[in-house]
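Structural characterization, general
Listed below are the residues making up each chain.
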Amino acid sequence: MTKTATEAITKVDAIMSLKPLAKWSMSGDVVTWLDSSYTEPTTSEIDTELTRLRTEYTNKEYQRERRIAYPDIGDQLDDLYKKGAFSDDMAAKLKKVKDDNPKS
């Protein structure tokens, strides 16, 4: 089961997205800014970024679902190899790997 956007994307993600190199800590919901070289984001900026990240996460649900549903990439490539879909050069490289590492 996939996570909802609220479960997957947190305030921590929003702060890291806004200020990826800044140093800060968080206890409960309280953020302590440890880095004076960066301006601390406002609550409004954090909330806006949180909304943006959650929307992006929700909009890409199909990608997460497809990733789970697709056959293993090795199986996909092996099928293409067997169907002759690779260039002669690539097919020769793959054949060498298969020949050098036969099934037991």
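Everything numeric here is computed off the predicted structure, so don't read it as measured data.

**Considering the overall build of the chain**
Secondary structure assignment for the chain yields six helices and two strands. When the helices and strands of the chain are placed in sequence order, the string is α-α-β-β-α-α-α-α. Radius of gyration (C-alpha) of the chain: 23 Å, far over the 13 Å computed for a compact globule of 104 residues. With respect to the three principal axes, the spread of C-alpha positions in the chain is 60 × 30 × 25 Å.

**Let's talk about a nonpolar patch on the surface**
Taken together, the side chains of Ile73, Leu77 and Leu80 make up a nonpolar region of the molecular surface, amounting to roughly 260 Å² of accessible area. With respect to the helices and strands, Leu80 occurs in helix H5 (residues 73–82).

**As for the nonpolar core**
By size, the foremost hydrophobic cluster in this structure holds twelve residues: Ala5, Ile9, Ala14, Ile15, Ala22, Trp24, Val31, Trp33, Ile46, Leu50, Leu53 and Tyr57. Elements that contribute at least two residues to this core include exactly helix H2 (11–18), strand S2 (30–33) and helix H3 (43–59). When residues of this core are assigned to their parent elements, the largest contribution, four residues, is made by H3. In this structure, Ile9 is in contact with Leu50, Leu53, Arg54 and Tyr57, ignoring residues within four places of it in sequence.

**A short note on the packing of H3 against helix H4 (residues 61–69)**
Look at H3 against H4: their axes get within 4 Å of each other, and the N-to-C directions meet at 45 degrees. As summarised for this structure, H3 and H4 are arranged oblique, according to the angle between their axes. On H4, the residues that touch Tyr57, Thr58 and Asn59 of H3 are Glu61, Tyr62 and Arg64.

**Concerning the side chain of Glu49**
In this fold, Glu49 is placed in helix H3. Judged by its relative accessible area of 9%, Glu49 falls in the buried class. A polar side-chain atom of Glu49 sits 2.4 Å from a polar atom in the side chain of Ser17. Setting aside chain neighbours within four positions, we find Glu49 in contact with Ala14, Ser17 and Leu18.

**Notes on the packing of aromatic side chains**
Counted under the stated rule, the structure contains zero aromatic pairs. Seen from the ring of Tyr57, Arg64 lies directly overhead, with NZ or CZ sitting 3.5 Å from the centre.

What counts as what
- Residues numbered from 1 in each chain as written.
- Predicted model: local features only at pLDDT ≥ 70, side-chain atom pairs only at ≥ 80, totals over all residues.
- Heavy atoms only, no water.
- Helix = DSSP H or I, 4+ residues; strand = E, 2+ residues; numbered from the N terminus.
- Rg over C-alpha atoms; globule rule 2.2 N^0.38 Å.
- Patch = residues over 30% accessible without salt bridge, like charges linked within 9 Å, V, L, I, M, F, W, Y side chains within 5 Å.
- Areas by Shrake-Rupley, 256 points an atom, 1.4 Å probe, with all protein chains shown as cover.
- Salt bridge = Lys/Arg side-chain N within 4 Å of Asp/Glu carboxyl O.
- Core = buried A, V, L, I, M, F, W, Y, C linked by side-chain atoms within 4.5 Å.
- Buried < 20%, exposed > 50% of the residue type's maximum accessible area, 1.4 Å probe, protein only.
- Contact = heavy atoms within 4.5 Å.
- Axes fitted to C-alpha atoms, helices over the stretch in contact; angles between N-to-C directions.
- Parallel < 35°, antiparallel > 145°, perpendicular 65-115°, else oblique.
- Polar contact = N/O pair within 3.5 Å; in protein donor to acceptor, adjacent residues only side chain to side chain.
- Phe/Tyr/Trp six-rings, centres within 6.5 Å; stacked < 30°, edge-to-face > 60°.
- Lys NZ or Arg CZ within 6 Å of the ring centre and 35° of its normal.

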